[in-house]
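Understanding the architecture of this molecule
Next come the chains, spelled out residue by residue.
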Amino acid sequence: MKKLLTVLSLTVILGISSHTLRAQVNNNTTKDTTADDRGYLVKVGDKAPDDFELVLQNGEKTSLKELRGKVVVLQFTASWCSVCRKEMPHLENDVWKAYQSKNVVLIGVDRDEPLPKVQKFHKDMEITYPLALDPSAEIFGRFADKKSGVTRNVVIDQNGNIAYLTRLYDKKEFAGMLKVIDQLANQKGTASL
């Protein structure tokens, strides 16, 4: 009888452990994959959302559809963001100045700030790449959860696909982004217009 109780107890314990393990596996595999742990709603390989117009701080307008055939880097930023300010000189020198003659476009997308503030931010940062307005963070919301923060870069290839995503200013991740931009900029005949 004692052996039978021991076997039954072990069976119950193993059954509960097995059920718990299956529940954990199921929870992990059914995790919401629409946003990654950095707040992105898109992922590398996705077609970049392009159903919006970019209005630049100088009044010019463009769109991702118009820029198809070029490598586009969208830098989501804001004047109040200290990490953005830290990253911007690197974007200016290592992306904009280094690649603008190689069919690469860098546009800062300023989250939810009025034109005068965006123009002042552009001047204060002494950057030459353009900033676009993003009222109500509508453009930002196509790429990331609006509850998540700025200082992120989205690299879009010549065909309109997302090639790289960054979050915050991490030197290793930034170097990886530069490598991807360099590879894309030096590809020949990849654009499908």
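Residues numbered from 1 in each chain as written. Predicted model: local features only at pLDDT ≥ 70, side-chain atom pairs only at ≥ 80, totals over all residues. Heavy atoms only, no water.

Remarks on the overall build of the protein
Here is the rule: The helix count covers DSSP runs of H or I at least four residues long, the strand count covers runs of E at least two residues long, and both are numbered beginning at the N terminus. Burial classification: accessible surface area is computed with a 1.4 Å probe over protein chains only, and a residue below 20% of its type maximum counts as buried, one above 50% as exposed, and the rest as partly exposed. We call two residues in contact whenever any of their non-hydrogen atoms come within 4.5 Å of each other. Here, Shrake-Rupley sampling with a 1.4 Å probe gives the accessible areas, and only protein chains in the shown set may cover a residue.
Each helix and strand in the protein was counted, giving 5 helices and 7 strands. The order of α-helices and β-strands along the protein, N terminus first, is α-β-β-β-α-β-α-β-α-β-β-α. Residues classed as buried in the protein amount to 43% of the 193 residues present. Across the protein, every contact between residues at least 6 apart in sequence was considered, and the portion connecting residues at least 24 apart equals 68%. As displayed, the protein offers around 11000 Å² of accessible surface, 56% of which is attributable to carbon and sulfur atoms.

Observations concerning the state of the cysteines
Put simply, the rule is: The disulfide criterion is simple: two cysteine sulfur atoms within 2.5 Å.
Going through the model one piece at a time under the given rule, you end up with 1 disulfide. Here Cys81 is linked by a disulfide to Cys84, with a sulfur-sulfur distance of 2.5 Å. On the sign convention where negative means left-handed, the S-S torsion of about 85° between Cys81 and Cys84 marks this disulfide as right-handed. Cys84 shares its class with Cys81; the two are buried.

Some remarks on the nonpolar core
So the rule is basically this: Side-chain atoms within 4.5 Å link the members of a nonpolar core, which is a set of buried Ala, Val, Leu, Ile, Met, Phe, Trp, Tyr and Cys residues.
Counting residues in each nonpolar core, the largest one holds 28 residues, and the members touching the most others are Leu54, Leu64, Leu74, Phe76, Ile107, Phe143 and Val154. Secondary structure elements with two or more residues in this core: β3 (71-77), β4 (104-111), α4 (140-143), β6 (152-156) and β7 (162-167). When residues no more than four places from it in sequence are discounted, the contact partners of Val154 are Tyr40, Val72, Val73, Leu74, Phe76, Phe143, Ile162, Tyr164 and Leu165. Core analysis: the next-biggest nonpolar cluster, separate from the first, contains 26 residues, Val71, Val73, Ile127 and Val155 among them.

Digging into the confidence of the model for the protein
Selection criterion: How sure the predictor is of each residue is captured by pLDDT, a score from 0 to 100.
Predicted confidence across the protein gives a mean pLDDT of 85, with 78% of residues reaching 70 or more. pLDDT under 50 marks residues 4-34. Its contacts with residues more than four places away, or in other chains, come to 2 contacts.

A closer look at unusual backbone geometry
Backbone geometry follows two general trends: most residues other than glycine have a negative phi, and most peptide bonds adopt the trans configuration. Its identity as a non-glycine residue notwithstanding, Asp112 has a phi of 60°, on the positive side. Mapping Asp112 onto the fold places it in the loop between β4 and α3 (115-125).

What about the sheet that holds β7?
For clarity, the threshold we go by: Between any two strands, pairing holds if DSSP finds at least two bridges. Think of each axis as a best-fit line through the C-alpha atoms, taken over the contacting stretch in the case of a helix, with angles from 0 to 180 degrees between the N-to-C directions.
With mixed pairing, 5 strands are arranged side by side in an open sheet as β5-β4-β3-β6-β7. One side of each edge strand has no neighbouring strand; the edge strands of this open sheet are β5 (131-134) and β7. Each adjacent strand pair in this sheet contributes to an overall mean axis angle of 20°, direction not counted. With 7 bridges joining them, β3 and β4 adopt parallel strand pairing. Within β4, the position partnered with Leu74 by the bridge is Ile107. Its contacts with the sheet put helix α2 (residues 82-99) on β3, β4, β5 and β6, and the angle it makes with β3 is roughly 165°. This element, helix α5 (residues 171-185), spans β3, β4, β6 and β7 of the sheet and lies at about 160° to β7.

Digging into the side chain of Ser79
The condition is simple: We define a polar contact as two N or O atoms separated by no more than 3.5 Å, with the added condition that, inside protein, one atom must be a possible hydrogen donor and the other a possible acceptor, whereas residues neighbouring each other in sequence contribute only through side-chain atom pairs.
Tracing the chain through its elements places Ser79 in the loop between β3 and α2. Here Ser79 falls in the buried class, since its relative accessible area comes to 13%. A polar contact of 2.5 Å, which involves the side chain of Ser79, links it to the side chain of Glu113. Filtering out sequence-adjacent residues up to four positions away, Ser79 remains in contact with Arg85, Asp110, Glu113, Lys117 and Phe121.

Some thoughts on α5
Rules: By this rule the span expected of a helix is its residue count minus one, scaled by 1.5 Å.
For α5, built from 15 residues, the straight-helix expectation of 21 Å at 1.5 Å per residue is met to within 8% by its first-to-last C-alpha distance of 21 Å. In this structure, the buried residues of α5 make contact with β3, α2, β4, β6 and β7. Two or three places before Lys172, at the opening of α5, Asp170 has a side-chain oxygen 3.2 Å from that residue's backbone nitrogen.

Details of the packing of aromatic side chains
Worth spelling out the cut-off: Stacked, edge-to-face and tilted labels apply to pairs of Phe, Tyr and Trp rings (six-membered ring for Trp) whose centres lie within 6.5 Å, assigned for plane angles under 30 degrees, over 60, and everything in between, in that order.
All told, the structure shown has 4 aromatic pairs when counted by the stated rule. Pairing Phe52 with Phe143 gives two aromatic rings, centres 6.2 Å apart and planes at 80°, and the pair type is edge-to-face. With a gap of 91 residues between them, Phe52 in the loop between α1 (2-29) and β1 (54-55) and Phe143 in helix α4 connect regions that are remote in the sequence. For the pair shown, Phe52 and Phe143 are each scored as buried.

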